[in-house]
Structures are given as C-alpha cells and as structure tokens.
Amino acid sequence: SAVISQKPSRDICQRGTSLTIQCQVDSQVTMMFWYRQQPGQSLTLIATANQGSEATYESGFVIDKFPISRPNLTFSTLTVSNLSPEDSSIYLCSVGNQGYEQYFGPGTRLTVT
Amino acid sequence: DAKTTQPTSMDCAEGRAANLPCNHSTISGNEYVYWYRQIHSQGPQYIIHGLKNNETNEMASLIITEDRKSSTLILPHATLRDTAVYYCIVRGPIIQGAQKLVFGQGTRLTINP
C-alpha cells in the first residue's frame, strides 16, 4: 500500500486568494488524482495529474481555477485559485499504480471566508 | 462507467453481519465492481473488488449475482468502527485505461451497540 500525506491538513482563506495543496507519496506511483468533497456530498473527481504533461480535467473543472503540477512520480500540487465560499470543501489526493486499488490521502479541509 | 444505485442509509447491530446491496444493471462484461468506505473525516479506504466470482478478504465478502446486475458487500461481524459511508463503484479494466473512480452517494451504514 501507499502512504499519502497532504499539506496543509486544513486552512481558512479569504475570498479572492489562492491555496496550494501538496500531496506526497512514499513510493513512485503511476496515477495521481485530485478529488473535491463538498460539505455533506460525495467525492467528485477534479482531474488526473499526469507526470510531465498537463493534467486532464473533468467536465466542469478548468485549469485556470485548479492548476495542477506533477513534477515527479511521488509529488503533486493542486492550487485552488480566486477563492470563493463555494470552494469550501475537502480536497483529496489519491494514487494508484496499474493494480486495482487506489489509495487516498487524509484530505485538506478548506474554509473560505 | 455503469451507474450504481445504493440505499441511502442502513443500520446494523454490533456483532451481526452487515449486508450492503448495490444495483448496477447496466454493467458491461469487462467492468469490475469495487467497494470503498469513508469513515468520518478520513479519505476513502479500499475494501474489495470483483468481476464475476464471489470474493473474500480480511475485511469483507463480495457476492455478485450471476447476471452481474447487482452485488452485496458483507461485513461478517460488524463493529462500531465499521460505521462509515460505503461506496459501490463500477469501473472498467485499468489496462484499458479505465483508471478513475466515479463515486455515487453511497450508503451511510450505522452500527449500533
């Protein structure tokens, strides 16, 4: 299994600012994903972070709002830009190799005031 | 990916078997059934997956009907720590590029003392 850490674990940000979330894995992984979980809701996939190339975004999510970097096989960042109260959510990183399991980080709880 | 339908919530007594149903009537022949759970304030945790045969591991058993249109996750001796939201997800073969997980609303399982 993979051990995933996320930083920060939580943050309170002001409207209009940005927050960058880091995801670190203890081993090299093929696939990294970013999810959002709005209050009381299920998880929604934001994008797939591709190593060495641009992320692949799901419908409804755009690069300008959620820029993603993945400089190597163990690390990725998600930035949530131009924050509004609607961005208050838990953001989760998940990873997988070519096996069947996907592992999730503990999440970053973002509150926008 | 095929859509899944799960009951919104279920209750089970501690020590009894918890049986969580999932309907996936539009599942394709090469799609797998996965189960994840999310304990409050944590990232989702992989439980088990299967294609057509019943599967068992240290956490649970997965029973898939012969026509594959539904399945049941069984927690044989539920404990209070099994209280969580359980997600049934259908996903194609990873080897064919079906990497992402699409989460529905899941079943909120409450284990009662």
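Look up: the structure comes first, before these words.
Residues numbered from 1 in each chain as written. Chains lettered and ligands numbered in written order. Predicted model: local features only at pLDDT ≥ 70, side-chain atom pairs only at ≥ 80, totals over all residues. Heavy atoms only, no water.

1. Some thoughts on the overall build of chain B
In step 1: What chain B contains, in helices and strands, is zero helices and nine strands.
In step 2: Overall, the C-alpha framework of chain B stretches about 45 × 30 × 25 Å when taken along its three principal axes.
In step 3: Counting over 113 residues, chain B shows a buried share of 47%.
In step 4: A separation threshold of at least 6 residues defines the contact pool for chain B, and within that pool the share at least 24 residues apart is 57%.
In step 5: Element-wise, carbon and sulfur atoms account for 48% of the exposed surface of chain B, whose accessible area totals about 5800 Å².
In step 6: Each charge class in chain B was averaged separately, 10 positive and 9 negative side chains, and the resulting centres sit 5 Å apart. (Helix = DSSP H or I, 4+ residues; strand = E, 2+ residues; numbered from the N terminus. Buried < 20%, exposed > 50% of the residue type's maximum accessible area, 1.4 Å probe, protein only. Contact = heavy atoms within 4.5 Å. Areas by Shrake-Rupley, 256 points an atom, 1.4 Å probe, with all protein chains shown as cover. Lys, Arg positive; Asp, Glu negative; His and termini not counted. Charge placed at Lys NZ, Arg CZ, Asp CG, Glu CD.)

2. Comments concerning the overall build of chain A
In step 1: When helices and strands are tallied, chain A shows zero helices and eleven strands.
In step 2: The order of α-helices and β-strands along chain A, N terminus first, is β-β-β-β-β-β-β-β-β-β-β.
In step 3: Taken along its principal axes, the extent of the C-alpha atoms in chain A is 40 × 25 × 20 Å.
In step 4: By residue count, 51% of the 113 residues in chain A fall in the buried class.

3. Focus on the pattern of salt bridges
In step 1: In this structure the tally under the stated criterion is two salt bridges over all chains.
In step 2: One salt bridge connects D87(A) with K65(A), and the closest N-O pair in it is separated by 2.7 Å. Linking D87(A) in the loop between β8 (75–80) and β9 (89–96) with K65(A) in the loop between β6 (56–57) and β7 (68–72), this pair joins segments that are 22 residues apart in sequence.
In step 3: Given the relative accessible area of 4%, D87(A) is considered buried.
In step 4: The partner of R37(B) in a salt bridge is D82(B), with the nearest N and O atoms 2.8 Å apart. Taken as a pair, R37(B) in strand β3 (residues 32–38) and D82(B) in the loop between β7 (70–75) and β8 (84–91) lie far apart in primary sequence, 45 residues in all.
In step 5: Note on R37(B): relative accessible area 10%, which makes it buried.
In step 6: Its relative accessible area of 12% is what places D82(B) among the buried residues. (Salt bridge = Lys/Arg side-chain N within 4 Å of Asp/Glu carboxyl O.)

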